[in-house]
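So the chains spell out like this:
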Amino acid sequence: MDDIDRRILRALSSNARMSGAALASAIGVAESTVSLRIRRLHAEGYLLGYHAELNVAALGMTVQALISIRLVSIIREDVESFRDEAPNWPGVLGLFHMAGVDDFLLHVAARDSSELRDFVLEHLAGHPAVANTETNLIFDHVAGRGIEHLLA
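Note that the structure is predicted; figures quoted are calculated from it, not measured. (Residues numbered from 1 in each chain as written. Predicted model: local features only at pLDDT ≥ 70, side-chain atom pairs only at ≥ 80, totals over all residues. Heavy atoms only, no water.)

**Thoughts on the environment of Val34**
Okay, so step 1: Following the sequence through the fold, Val34 ends up in helix H3 (residues 31–43).
Okay, so step 2: A C-alpha to C-alpha distance of 6.0 Å links Val34 and Ala24, two positions ten residues apart in sequence.
Okay, so step 3: Contacts of Val34, omitting those with residues within four sequence positions, involve Ile8, Gly20, Leu23, Ala24 and Val29. (Helix = DSSP H or I, 4+ residues; strand = E, 2+ residues; numbered from the N terminus. Contact = heavy atoms within 4.5 Å.)

Right under this line is the structure:
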């Protein structure tokens, strides 16, 4: 990865919808160069994809929470089974497999506190692999820009 690759990634992290022509102009290289480098960055795993950031509150999901989860055991099969199952539950926005006291951190969205409570009761409280949970409400989320410094 050279400086041109880093400039491409920085620009895309700020605006993934930037056209190839605009990206080439901003970086100062030919559009064909940008296109070839983006394909290579995908192939080498530096660039995983493009995503739309949805406003879950505008979609009616006004409550968000981070739920710390401790499993009954850390047997590989139990951990992998939970990791594969949880992202498919309604309202799950993300799942982090953690080191430390808790095994997972689950980011969820719900329409209201009752729906959040129902989520916890339905998917976590009775789950045979789950020993303990702790739910923390999210008041605000501000996206970090730290990746740009890694690409400097």
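**Things to note about the pattern of salt bridges**
Okay, so step 1: Taken as a whole and assessed by the stated rule, the structure comprises ten salt bridges.
Okay, so step 2: Note that Asp2 and Arg37 form a salt bridge whose closest N and O atoms lie 2.8 Å from each other. With Asp2 in the segment before helix H1 (3–14) and Arg37 in helix H3, this residue pair connects regions lying 35 residues apart in the sequence.
Okay, so step 3: Take Asp2: its relative accessible area is 31%, and that puts it in the partly exposed class.
Okay, so step 4: Judged by its relative accessible area of 17%, Arg37 is buried.
Okay, so step 5: Arg117 serves as the salt-bridge partner of Asp118, at 3.1 Å between the closest nitrogen and oxygen.
Okay, so step 6: The partly exposed category is assigned to Arg117, whose relative accessible area is 47%.
Okay, so step 7: Each of Asp2, Asp5, Arg37, Arg40 and Glu44 takes part in salt bridges that share partners, so that together they form one network. (Salt bridge = Lys/Arg side-chain N within 4 Å of Asp/Glu carboxyl O. Buried < 20%, exposed > 50% of the residue type's maximum accessible area, 1.4 Å probe, protein only.)

**Quick word on H1**
Okay, so step 1: Under the 1.5 Å per step criterion, the end-to-end length of H1 is 17 Å for twelve residues, consistent within 8% with the ideal 16 Å.
Okay, so step 2: Among all positions of H1, only Ile4, Asp5, Ile8, Leu9, Ala11 and Leu12 are buried. For H1, the arc enclosing every buried residue in end-on projection is 165 degrees, short of the 170-degree limit, so these residues lie on one face.
Okay, so step 3: Check the buried side of H1 and you find it contacts helix H2 (20–27) and H3.
Okay, so step 4: Its side-chain oxygen 3.1 Å from the backbone nitrogen of Ile4, Asp2 forms the N-cap of H1. (Expected span 1.5 Å × (residues − 1). Arc of directions from axis to C-beta. Polar contact = N/O pair within 3.5 Å; in protein donor to acceptor, adjacent residues only side chain to side chain.)

**Section: the packing of aromatic side chains**
Okay, so step 1: Across all of its chains, the model carries three aromatic pairs by this definition.
Okay, so step 2: Between the aromatic rings of Trp89 and Phe119, the centroid separation amounts to 6.1 Å while the plane-to-plane angle is 70 degrees, which identifies the pairing as edge-to-face. Highlighted residues: Trp89 in the loop between helix H4 (76–85) and strand S2 (92–97) and Phe119 in helix H5 (residues 113–125), separated in sequence by 30 residues.
Okay, so step 3: The class for Phe119 is buried, based on a relative accessible area of 8%.
Okay, so step 4: Every member of this aromatic cluster is reached through a ring pair, and the members are Phe82, Trp89, Phe104 and Phe119. (Phe/Tyr/Trp six-rings, centres within 6.5 Å; stacked < 30°, edge-to-face > 60°.)

**Quick notes on the packing of H2 against H3**
Okay, so step 1: Packing of H2 against H3 brings their axes to within 8 Å, and their N-to-C directions diverge by 105 degrees. As summarised for this structure, H2 and H3 are arranged roughly perpendicular, according to the angle between their axes. Between H2 and H3, the contacting residues are Gly20, Ala21, Leu23 and Ala24 on the first element and Glu31, Val34 and Ile38 on the second. (Axes fitted to C-alpha atoms, helices over the stretch in contact; angles between N-to-C directions. Parallel < 35°, antiparallel > 145°, perpendicular 65-115°, else oblique.)

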